[in-house]
Amino acid sequence: QVQLVESGGGLVQAGGSLRLSCAASGRTFSSYAMGWFRQAPGKEREFVAGISSAANTYYADSVKGRFTISRDNTKNTVYLQMNSLNPEDTAVYYCAARSRSVVVTAAAYDYWGQGTQVTVSS
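1. Quick word on the side chain of Thr-77
Point 1. Tracing the backbone shows Thr-77 in strand E8 (residues 77–82).
Point 2. At 2.8 Å, the side chain of Thr-77 forms a polar contact with the backbone oxygen of Lys-75.
Point 3. When residues no more than four places from it in sequence are discounted, the contact partners of Thr-77 are Ser-21, Cys-22, Ala-23, Phe-29, Ser-70, Arg-71 and Asp-72.

2. What to know about the packing of aromatic side chains
Point 1. Tallying each qualifying case throughout the model produces 6 aromatic pairs.
Point 2. For the pair Phe-37 and Phe-47, a centre-to-centre distance of 5.6 Å together with 80 degrees between the ring planes defines the contact as edge-to-face. Taken together, the residues span a long stretch of sequence, with Phe-37 in strand E4 (residues 33–39) and Phe-47 in strand E5 (residues 46–51) at a distance of 10 residues. By the burial criterion, Phe-37 is buried, and Phe-47 matches it.
Point 3. Among the aromatic residues, ring-to-ring pairing joins Phe-37, Phe-47, Tyr-94, Tyr-109 and Trp-112 into one connected group.
Point 4. The lysine or arginine in question, Arg-45, covers the ring of Tyr-94, its NZ or CZ lying 3.7 Å from the ring centre.
Point 5. Between the NZ or CZ atom of Arg-98 and the centre of the ring of Tyr-109, over which it lies, the distance is 5.8 Å.

3. Observations regarding the sheet that holds E8
Pairing between sheet strands relies on hydrogen bonds along the backbone, with the strands arranged either parallel or antiparallel.
Point 1. In space, the 4 strands of this open sheet follow the order E1-E3-E8-E7, with antiparallel pairing throughout. A single partner strand is all that each edge strand has here, and the edge strands are strand E1 (4–7) and strand E7 (67–72). Here the strands of the sheet are splayed against their neighbours by 15 degrees on average, with no regard to which way each runs.
Point 2. Both E1 and strand E3 (residues 18–24) contribute to a ladder of 4 bridges, which runs antiparallel. For Leu-4, the partnering residue across the bridge sits in E3 and is Ala-24.

Analysis parameters
- Once a new chain begins, its residue numbering starts again from 1 and follows that chain's sequence as written.
- Thresholds applied to this predicted model are a pLDDT of at least 70 for local features of residues and 80 or more for the giving and counting of side-chain atom pairs; totals over whole chains, interfaces and linings are not thresholded and use all residues.
- Water and hydrogen atoms play no part in the side-chain values, which are based on all heavy atoms of the structure.
- Helix numbering and strand numbering both begin at the N terminus, where a helix is a DSSP run of H or I of at least 4 residues and a strand a DSSP run of E of at least 2.
- Distance and chemistry together define a polar contact, namely a pair of N or O atoms within 3.5 Å, with one atom able to donate a hydrogen and the other to accept it when in protein, and with adjacent residues in sequence counting only for side-chain atoms on both sides.
- Two residues qualify as a contact provided that any one of their heavy atoms is within 4.5 Å of a heavy atom in the partner residue.
- Working definition: rings of Phe, Tyr and Trp (its six-membered ring) pair if their centres are within 6.5 Å, and the pair is stacked with planes under 30 degrees apart, edge-to-face with planes over 60 apart, and tilted otherwise.
- The classification of residues rests on relative accessible area computed with a 1.4 Å probe and restricted to protein chains. Under 20% of the type maximum is buried, over 50% is exposed, and intermediate values are partly exposed.
- By the criterion adopted, a ring carries a charge over it if an Arg CZ or a Lys NZ lies within 6 Å of its centre and within 35 degrees of its normal.
- The pairing criterion for strands is at least two bridges between them, as found by DSSP.
- Only the contacting stretch of a helix is used when fitting its axis, a line to C-alpha atoms as for every element, and angles between N-to-C directions run 0 to 180 degrees.

Next up, the structure:
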């Protein structure tokens, strides 16, 4: 079992930055692929970024160049640095884990956090 707890969400003005954190329980964190997803009201949950156990990174086109995913296996934590935020980035952001490679399909992930709200004002 892996438990995930997100933090770092909040209200920010357009053009601003936030860093989300996802703390994971368990001794096998380093072997998991981690993903960040988001869900805006009335929309489906969408892939934002992912990082493999080997620290290879993947991004949705909508955030490429603005967001950076990273992981610190010594702290069992994955981060999402979000820069140049715009109102379209407003959503609940979720951290997810799976024991195989990074994929963009939410249903393929085994463990989920409770989510953290990110609101970007114009």
